[in-house]
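The lines below spell out each chain.
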Amino acid sequence: MSCFNEIGEGVIKGNEKLVKEKVQELIDAGTNPLAIINQGLMAGMNIVGARFKAGDMFVPEVMMAARAMSSGIALVKPLINDSDMPNAGKVLIGTVKGDLHDIGKNLVAMMVESAGFKVVNIGIDISPEKFAEAVKEHTPDIIGMSAMLTTTMMQMKEIIEHLKKEGLRDTVKIIIGGAPVTQQFANEIGADGYSVDASSAAELCKELVSTF
Ligand code: B12
């Protein structure tokens, strides 16, 4: 098995130790750092995304895979100019006001990051005002909002309305998700997209930045 494949397998198995070892081996051998990311780490994460979507992998395993991938990226990153890092765009993500659920949102953040986006994760219980401030501060391409309660999902509408009021709505694409949220709800509140899980969220982000 090539070292790239071993790194990919390490990511899929969530084996942080193996990933670090093999990435270091390639770095020491003078391998192009971007090749380590693209042919090793990301290749593994792409398979994780597909398996998660197919129901062949579950949340804890995906989180371990994402952690293993991040540990590899951390080794390679200092060797790459910031401008050369794979950068698909910037995604700002948070859980809406009144809602403290963050497991799914963090998983989305990890998968989107693994797909090459820079992710700014602003946490839980985020009010429309805080979302707007974060948009001004970070100028993301996409905003992701998460809600897990039927009582908090209406906050998403409030956030969109507030962004309109602040003149920020058209500067970003807005995607939403969480257990009670549907495509129909996304259409109703004027979001640009909805996805059911973390790997389709990463696909959706790629699709949306290509339409800018
Ligand atoms: C864990 C959990 C908690 C934990 C949260 C811990 C944490 N750090 O997140 C704790 C114990 C704190 C909690 C509290 C409460 N919870 Co709770 N909780 C859950 C539970 C069991 C699992 C949620 C979860 O993490 N799932 C796993 C993740 C991976 O899945 P996910 O969140 O759906 O995320 C995926 C997708 O939805 C999507 N996605 C998520 N966000 C986003 C964002 C974007 C942009 C995109 C594109 C996609 C996307 O991708 C994710 C990954 O694939 C659910 C039940 C359930 N089965 O959903 C109840 C549940 C959500 N909770 C519920 C309730 C009622 C509560 C409480 C009100 C309970 C209480 N009486 O105190 C409080 C509310 C606290 C608050 N203000 O938020 C209800 C909600 C009912 C409703 N329809 O409103 C549920 C459905 C349980 C139930 N059947 O009654 N909860």
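Residue numbers run consecutively from 1 along every chain, following the written order of its sequence. For this predicted model, a pLDDT threshold of at least 70 governs which residues receive local features, and a threshold of 80 or more governs which side-chain atom pairs are given and counted, while totals over whole chains, interfaces and linings are taken from all residues. Only hydrogens and water are removed before side-chain values are computed, so all heavy atoms of the structure are retained for them.

1. A short note on helix α5 (residues 103-114)
Okay, so step 1: In this model α5 runs 16 Å from its N-terminal to its C-terminal C-alpha over 12 residues, within 8% of the 16 Å that 1.5 Å per residue would give.
Okay, so step 2: Note on exposure labels: buried denotes an accessible area under 20% of the residue type's maximum, exposed denotes more than 50%, and partly exposed covers the range between, all computed with a 1.4 Å probe on protein chains only. Under the DSSP-based scheme used, a helix requires at least four consecutive residues in state H or I and a strand at least two consecutive residues in state E, with every element numbered from the N terminus. Of the residues making up α5, those classed as buried are Lys105, Leu107, Val108, Ala109, Met111, Val112 and Ser114.
Okay, so step 3: Note on definitions: a residue-residue contact is assigned when non-hydrogen atoms from the two residues lie within 4.5 Å. Buried-residue contacts for α5 involve α3 (33-53), α4 (59-76), β1 (90-96), β2 (118-126), β3 (142-146) and α9 (198-210).
Okay, so step 4: Taken from the residues just after α5, Gly116 is the one with a positive phi, measuring 100 degrees. Under the convention used throughout, the expected extent of a helix is 1.5 Å for every residue step, that is, one less than its residue count.

2. Quick look at the pattern of salt bridges
Okay, so step 1: A pair is scored as a salt bridge if a Lys or Arg side-chain nitrogen falls within 4 Å of a carboxyl oxygen belonging to Asp or Glu. Applying the stated criterion to the full structure yields 9 salt bridges.
Okay, so step 2: With a shortest N-O distance of 3.8 Å, Lys22 and Glu6 are connected by a salt bridge. Placement of Lys22 in helix α2 (residues 16-28) and of Glu6 in helix α1 (residues 3-13) is noted, with a sequence separation of 16 residues between them.
Okay, so step 3: Ionic pairing is found between Lys22 and Glu25, a salt bridge with its closest N-O pair at 3.3 Å.

3. Side note on the site of the ligand
Okay, so step 1: Near the ligand you find 27 residues, and of these Leu100, His101, Asp102, Ser146 and Thr150 are the closest.
Okay, so step 2: Here a polar contact is taken to be a pair of N or O atoms separated by no more than 3.5 Å, where protein atoms must pair a possible hydrogen donor with a possible acceptor and residues adjacent in sequence count only if both atoms sit in side chains. Within the backbone of Leu100, a nitrogen or oxygen atom sits 2.6 Å from an oxygen atom of the ligand.
Okay, so step 3: Between the ligand and Ala198 there is a distance of 3.0 Å, counted from an oxygen atom to a backbone nitrogen or oxygen.
Okay, so step 4: Elements with a contribution of two residues or more to the shell around the ligand: α5, β3, β4 (173-177) and α9. A molecule or strand has a residue near it when one of that residue's heavy atoms lies within 4 Å.

4. Some remarks on the sheet that holds β2
Okay, so step 1: One bridge is not enough; two strands pair if DSSP finds at least two bridges between them. Taken together, 5 strands build an open sheet; the order of strands is β2-β1-β3-β4-β5 and the sheet is parallel. Because the sheet does not close on itself, it has two edges, and the strands there are β2 and β5 (193-194).
Okay, so step 2: Note: β1 against β3, 5 bridges, orientation parallel. Bridge assignment links Gly94 to a residue of β3, and that residue is Met145.
Okay, so step 3: Packed on one face of the sheet, α5 meets β1, β2 and β3 and runs near 170 degrees to β2. Here an axis means a line fitted to C-alpha atoms, over the contact stretch when the element is a helix, while the angle between two N-to-C directions is reported on a 0 to 180 degree scale.

5. Comments concerning the pairing of β4
Okay, so step 1: The buried fraction of β4 amounts to 5 of the 5 residues, a majority that puts the element mostly inside the structure.
Okay, so step 2: A two-sided burial pattern is seen for β4, the buried positions comprising Lys173, Ile175 and Gly177 on one face and Ile174 and Ile176 on the other.
Okay, so step 3: Across 5 bridges, the pairing between β3 and β4 is parallel. Bridge pairing links Met145 to Ile176 in β4.
Okay, so step 4: With helix α7 (residues 154-165) bridging β3 and the parallel β4, this β-α-β connection has right-handed handedness.
Okay, so step 5: For β4 and β5, the ladder comprises 2 bridges, and the chain directions are parallel. Bridge pairing in β5 places Ile175 opposite Gly193.
Okay, so step 6: What joins β4 to β5 is helix α8 (residues 183-189), and the crossover it makes is right-handed. By definition, the crossover connecting two strands over a helix is right-handed if that path, from the first strand to the second, turns clockwise as seen with the strands pointing away from the viewer.

6. Considerations on the layout of surface pockets
Okay, so step 1: In this analysis the probe radius is 1.4 Å and the grid spacing 1 Å, with only protein atoms considered; a cavity is a set of points the probe fits into but cannot get out of, a pocket is an open set with protein on both sides within 12 Å along at least five of seven lines, and lining residues have an atom within 4 Å of a point. Grid points are joined across faces, edges and corners, and a volume is the space filled by probe spheres set on the points. A volume near 540 Å³ is recorded for the largest pocket.
Okay, so step 2: Taken together, 21 residues form the lining of the largest pocket, with Lys77, Met85, Glu113, Phe117 and Lys118 sitting closest to its centre.
Okay, so step 3: Mapped by element, the contributors of at least two residues to the lining of the largest pocket are α4, α5 and β2.
Okay, so step 4: Side-chain classes follow a simple rule in which Ala, Val, Leu, Ile, Met, Phe, Trp, Tyr, Cys and Pro form the nonpolar group, Asp, Glu, Lys and Arg form the charged group, and the remainder, Gly included, forms the polar group. In terms of residue class, the lining of the largest pocket is built from 10 nonpolar, 6 polar and 5 charged.
Okay, so step 5: Of the voids in this model, the second largest pocket is the one considered here, and its volume is about 430 Å³.
Okay, so step 6: Every residue lining the second largest pocket is counted, 27 residues in all, and those nearest its centre are Gly104, Lys105, Val108, Gly178 and Val196.
Okay, so step 7: Of all the elements in the fold, those that place two or more residues in the lining of the second largest pocket are α5, β3, β4 and α9.
Okay, so step 8: Ranked by residues supplied to the lining of the second largest pocket, first place goes to α5 with 5 residues.

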